[in-house]
Amino acid sequence: MRIPVSKLQVDTTYQRDPLKVRTILAMAETWDEKAAGTIVVSRRRDSSGLDKYLVIDGQQRSLAASLVGHPDIEAMVYEHLTLEEEAALFVKFNKNRTSVRADSVFRARLVARDPAAVAIVTAAAAVGLEVHSDRTANTICCVATMETLYTAGVLEATLREIRTIWPQNANALQATIVGGMGWILRLYQDEYASQKADIRHKLSTRDPRELTGTAYAYKGSTLHTGVGRALLSAINSGKRNLWPDRFTRAFTARGAPTPITVGEMTRARTIIARMRR
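Parameters at a glance
- Every chain's residues receive numbers from 1 upward, in the order its sequence appears when written.
- Per-residue local features of the predicted model are confined to residues with pLDDT of at least 70, and side-chain atom pairs are confined, for both listing and counting, to 80 or more; whole-chain, interface and lining totals are unaffected and use all residues.
- Side-chain measures here rest on the full set of heavy atoms in the structure, leaving out hydrogens and waters.
- The rule for a disulfide is simple: a pair of cysteine sulfur atoms within 2.5 Å.
- Between rings of Phe, Tyr and Trp, where Trp is taken as its six-membered ring, a pair exists when centres lie within 6.5 Å; planes separated by under 30 degrees are stacked, by over 60 edge-to-face, and by other angles tilted.
- Secondary structure elements follow DSSP: runs of H or I of four or more residues count as helices, runs of E of two or more count as strands, with numbering from the N terminus.
- Relative accessibility under 20% of the residue-type maximum defines a buried residue, over 50% an exposed one, and the middle range a partly exposed one, all with a 1.4 Å probe and only protein chains included.
- Comment: axis = line fitted to C-alpha atoms, over the contacting stretch for helices; angle = value between 0 and 180 degrees taken between N-to-C directions.
- For classification purposes, an angle smaller than 35 degrees is called roughly parallel, one larger than 145 roughly antiparallel, one from 65 to 115 roughly perpendicular, and anything else oblique.
- The contact rule is simple, with two residues in contact once any of their heavy atoms fall within 4.5 Å.
- All residues other than Ala, Val, Leu, Ile, Met, Phe, Trp, Tyr, Cys, Pro, Asp, Glu, Lys and Arg, Gly among them, are scored as polar; the first ten of these are nonpolar and the last four charged.
- Here, a salt bridge means any Lys or Arg side-chain nitrogen found within 4 Å of an Asp or Glu carboxyl oxygen.
- Two strands qualify as a pair provided DSSP detects at least 2 bridges between them.
- Buried Ala, Val, Leu, Ile, Met, Phe, Trp, Tyr and Cys residues that are joined via side-chain atoms within 4.5 Å together make up what is termed a nonpolar core.
- One confidence number per residue, pLDDT, is output by the predictor and ranges from 0 to 100.

Caption draft 1: Inspection of the state of the cysteines at higher detail. Under the defined criterion, the tally for this structure stands at zero disulfides. Free of any disulfide, Cys 141 has its nearest neighbouring cysteine sulfur in Cys 142, separated by 6.3 Å.

Caption draft 2: Quick peek at the packing of aromatic side chains. Evaluated as defined, the whole model comprises four aromatic pairs. Ring geometry for Tyr 14 versus Phe 90: centroids 5.9 Å apart, planes at 55 degrees, classification tilted. Here the residue Tyr 14 occupies a position in the loop between strand E2 (8-9) and helix H1 (21-29), and Phe 90 occupies one in helix H4 (residues 83-95), the gap between them amounting to 76 residues. Note on accessibility: Tyr 14 and Phe 90 belong to one class, buried.

Caption draft 3: Representation of the packing of helix H11 (residues 196-204) against helix H13 (residues 223-236) in the model. For the pair H11 and H13, the least separation of the axes is 9 Å and the interaxial angle reads 110 degrees. One finds that H11 runs roughly perpendicular with respect to H13. Of H13, the residues touching H11 (which contributes Ile 199, Lys 202 and Leu 203) are Leu 231, Ala 234 and Ile 235. Of the residues contributing to the contact of H11 with H13, the split by class is five nonpolar, no polar and one charged.

Caption draft 4: The pattern of salt bridges, seen in detail. Within this structure, the stated rule accounts for 16 salt bridges. One salt bridge in this structure joins Asp 51 and Arg 45, with 3.0 Å as the shortest N-O distance. With relative accessibility at 24%, the residue Asp 51 sits in the partly exposed group. Judged by relative accessible area, Arg 45 falls into the exposed class, the value being 61%. A cluster of three or more residues bridged by salt bridges with shared partners is formed by Arg 2, Glu 33, Asp 72 and Glu 74.

Caption draft 5: Just the pairing of strand E4 (residues 51-57), in detail. For E4, the tally of buried residues reaches five of seven residues, placing the bulk of the element in the interior. Where E2 lies against E4, two bridges are found, and the strand directions are parallel. Bridge assignment links Gln 9 to a residue of E4, and that residue is Leu 54. Here strand E3 (residues 39-45) pairs with E4 via six bridges, running antiparallel. Opposite Ser 42, over in E4, you have Leu 54 as the bridge partner. Between E3 and E4, which pair antiparallel one after the other, the connecting turn spans five residues, and Gly 49 there sits at a positive phi close to 85 degrees.

Caption draft 6: Region of the structure containing the environment of Thr 23. Positionally, Thr 23 belongs in helix H1. Counting along the chain gives 37 residues from Thr 23 to Gln 60, while the straight-line C-alpha distance between them is 8.4 Å.

Caption draft 7: Up close: the nonpolar core. In terms of nonpolar packing, the biggest core is built from 41 residues, with Ile 140, Leu 159, Trp 166, Met 181, Ile 184 and Leu 203 touching the most fellow members. Of all the elements in the fold, those that place two or more residues in this core are helix H6 (115-126), helix H7 (143-152), helix H8 (155-165), helix H9 (175-187), H11, helix H12 (208-215) and H13. If near-sequence neighbours (up to four positions away) are discounted, Trp 166 is found in contact with Ala 172, Ile 177, Met 181, Leu 203, Ser 204, Arg 206, Pro 208, Leu 211 and Leu 231. Residues Leu 8, Val 21, Val 55 and Leu 67 belong to the second largest nonpolar core, which totals 24 residues.

Caption draft 8: Region of interest: the confidence of the model for the protein. On average, residues of the protein score 87 in pLDDT, and 90% of them reach the 70 mark or higher. Mean pLDDT values over the elements of the protein span from 63, in helix H14 (residues 247-254), up to 97, in H8.

Encoded structure:
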């Protein structure tokens, strides 16, 4: 049944507070009704005899639909529920809900022939790796990290260096090492290319697990950049001409996430307030 978005409301007695405005805005920007699916509502009749629909499951989708000006949304409608029954349904819909695993989403993207997913599998295969959730010396599953490196244009080069330096070592195929090596190749491309043989030999004496452990010592870094800094330290050991630290400059250049504008925030809050009256 299609319900006008303007008639949707939220009962704050049992519903969670509105979620992150940025999340709702992002959902609105990529609004796809087919992907949004069906929300769950309870039809109530007010004292004047007018119907109103209380959202039990699908608050974020309802808000996103309203933001994009979608007139209505597909809903499963329950009738004659008490407040307690609505709350019990809310618990059932949300208590055992789990996020879809990243590897499951990635497999679906492959079936859909998503260009990035196909390119990631191709890059892994080029160095003898299979993208798979099982952890072996010839499988890799850190798809989010690999996609970041694919976007940066260094995925295959990163995987090739790792396979050359630590062949048949499953610990070297963890996201932290893959991400850290990716940072080295992005920030020190020319230096690495000119000193590749020496660097490969030097890093081959380091245990990937040790590098990951060392990463925690770099305060203010993510694990990936921490491993990158640990790799830089290993590369610089015994050198006269040290490679400079470019990590701080790289993060300064990246800057903070794009801020939500005042207009976007105001509009989102207005719609949230209307639904939650």
